[in-house]
Amino acid sequence: MKIGIVGLGLIGGCLGLDLRRAGHEVYGVSRRQATCEAAMAAGMVEFAGPELSTLKSMDVVFVCTPIAAIVPTVAELATLLAPSAIITDVGSVKATLVEPATRLWPRFVGGHPMSGKAEAGLAAAEARLFAQRPYVITPIEQTDARAVATVSELATALDAHLYYAAPTEHDRAVAWISHLPVMVSAGLILACDRESDSTVKTLAQQLASSGFRDTSRVGGGNPELGLMMAQYNQPALLRSLQTYRQCLDTLVAELEAEDWQALSRQLQTTQVKRQDYV
Ligand code: NAP
């Protein structure tokens, strides 16, 4: 297949590596010429340039730009592509994107590979980032079934685990396991930074080890991506954050009351429940 990738960053670069390895002809578009040249040099694409018209003869186009640019990119692609072409995206939110994109292009399929890294940009891209990770496809009533089948085949060829969900269900689910953790982890880093005793703060920075590295990783990631998750998934994220605040209030109350039995019960529950997620 001839496959286009718009946005040669972390996700676009990883897709290019895997799709070429699977035998597809891959062409890329990114705004900066330097990004296009780096993608060609790294073997992620056969050819890349800054003009979307480069992709006019593609069978499938993956839109891998930041969230805010996804629908405008679909609008521009809709003026160029053959009617049989499929457009899919990799955006971390779905409800605000899938309906407007489908109105612009009937063969649009929403998608979200659920793997990433703290670093952004092409230089952080690597082969097989999506292998053994979930890849969610989010069709709506109007979505073309054959287009869903083609995107599903491509995601399966990445060795990803395929799931299907309605866009709003996807957004509520990722609010819990992806967007809430970013805010919790950001809150952790902000709270540590409020330590007013500089000796204690320096010591904390020196003593921070694997536990802090794990819990602060997503709060220390790409700020542009974190902000867009919040802006484009605000209701679901607020709902999750409010429940999280209630859980924190309960833990604080138990600690203040020295109710060690209740606290112990909570920690025993979390030890068991974590296994449902990982
Ligand atoms: P990224 O590393 O910052 O890459 C995005 C790239 O898109 C940039 O390098 C930029 O390169 C290019 N770009 C920006 N605006 C563009 C435009 N209007 N037209 C063409 N290219 C444009 O971001 P990412 O982490 O790959 O995220 C990309 C998408 O994947 C987002 O929608 C995000 O929600 C989704 N996603 C991210 C993760 C993750 O963990 N990072 C996981 C799953 C899904 P130039 O400056 O050269 O244009």
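Rules behind the numbers
- Residues numbered from 1 in each chain as written.
- Predicted model: local features only at pLDDT ≥ 70, side-chain atom pairs only at ≥ 80, totals over all residues.
- Heavy atoms only, no water.
- Near = heavy atom within 4 Å.
- Polar contact = N/O pair within 3.5 Å; in protein donor to acceptor, adjacent residues only side chain to side chain.
- Areas by Shrake-Rupley, 256 points an atom, 1.4 Å probe, with all protein chains shown as cover.
- Helix = DSSP H or I, 4+ residues; strand = E, 2+ residues; numbered from the N terminus.
- Nonpolar A, V, L, I, M, F, W, Y, C, P; charged D, E, K, R; others polar.
- Patch = residues over 30% accessible without salt bridge, like charges linked within 9 Å, V, L, I, M, F, W, Y side chains within 5 Å.
- Salt bridge = Lys/Arg side-chain N within 4 Å of Asp/Glu carboxyl O.
- Buried < 20%, exposed > 50% of the residue type's maximum accessible area, 1.4 Å probe, protein only.
- Pairing = 2+ DSSP bridges.

Chemist: Got a minute to help me understand the site of the ligand in this structure?
Modeler: The full set close to the ligand counts 27 residues, and R31, T35, T65, S92 and G121 are the nearest of them. Measuring from an oxygen atom of the ligand, one finds a side-chain N or O atom of R32 at 2.9 Å. At a separation of 2.6 Å, an oxygen atom of the ligand approaches a polar backbone atom of G121. Burial of the ligand by the surrounding chains reaches 87%, relative to a free accessible area of 890 Å². Sorting the residues of the shell around the ligand by element identifies α1 (10–21) and β7 (111–113) as the ones contributing at least two each. The residue makeup of the shell around the ligand, split by class, is 13 nonpolar, 11 polar and 3 charged.

Chemist: Explain a nonpolar patch on the surface to me, please; I cannot follow it from the model alone.
Modeler: On the surface, W176, I177, Y277 and V278 cluster together to form a nonpolar patch covering roughly 470 Å² of accessible area. One can find Y277 in the segment after α11 (260–273). According to the relative accessible area criterion, Y277 is exposed, its value standing at 64%.

Chemist: What is the right way to look at the pairing of strand β4 (residues 60–63) in this model?
Modeler: Both faces of the sheet carry side chains from a regular strand, because those side chains alternate between them. Taking every second residue as pointing to the same face, both faces of β4 are buried, with V60 and F62 on one and V61 and V63 on the other. One ladder, built from 4 bridges, connects strand β1 (residues 2–6) with β4; its direction is parallel. The residue bridging G4 from the neighbouring strand is V61, located in β4. Two strands pair when backbone bridges link them, and β4 and strand β5 (residues 86–89) are joined in this way by 4 bridges, in the parallel orientation.

Chemist: I'm lost on the sheet that holds β1 in this one. Help?
Modeler: Strands pair in a sheet through their backbones, by hydrogen bonds, and they do so in one of two ways: parallel or antiparallel. One open sheet holds the 6 strands; their spatial order is β3-β2-β1-β4-β5-β6, and the pairing between them is parallel. Of all strands in the sheet, those with a lone pairing partner are β3 (47–49) and β6 (108–109), marking the two edges. By the bridge criterion, 2 bridges tie β5 to β6 in an arrangement that is parallel. Among the inter-strand pairings, T88 is bridged to a residue of β6, identified as V109.

These figures come from the coordinates and say nothing about function on their own.
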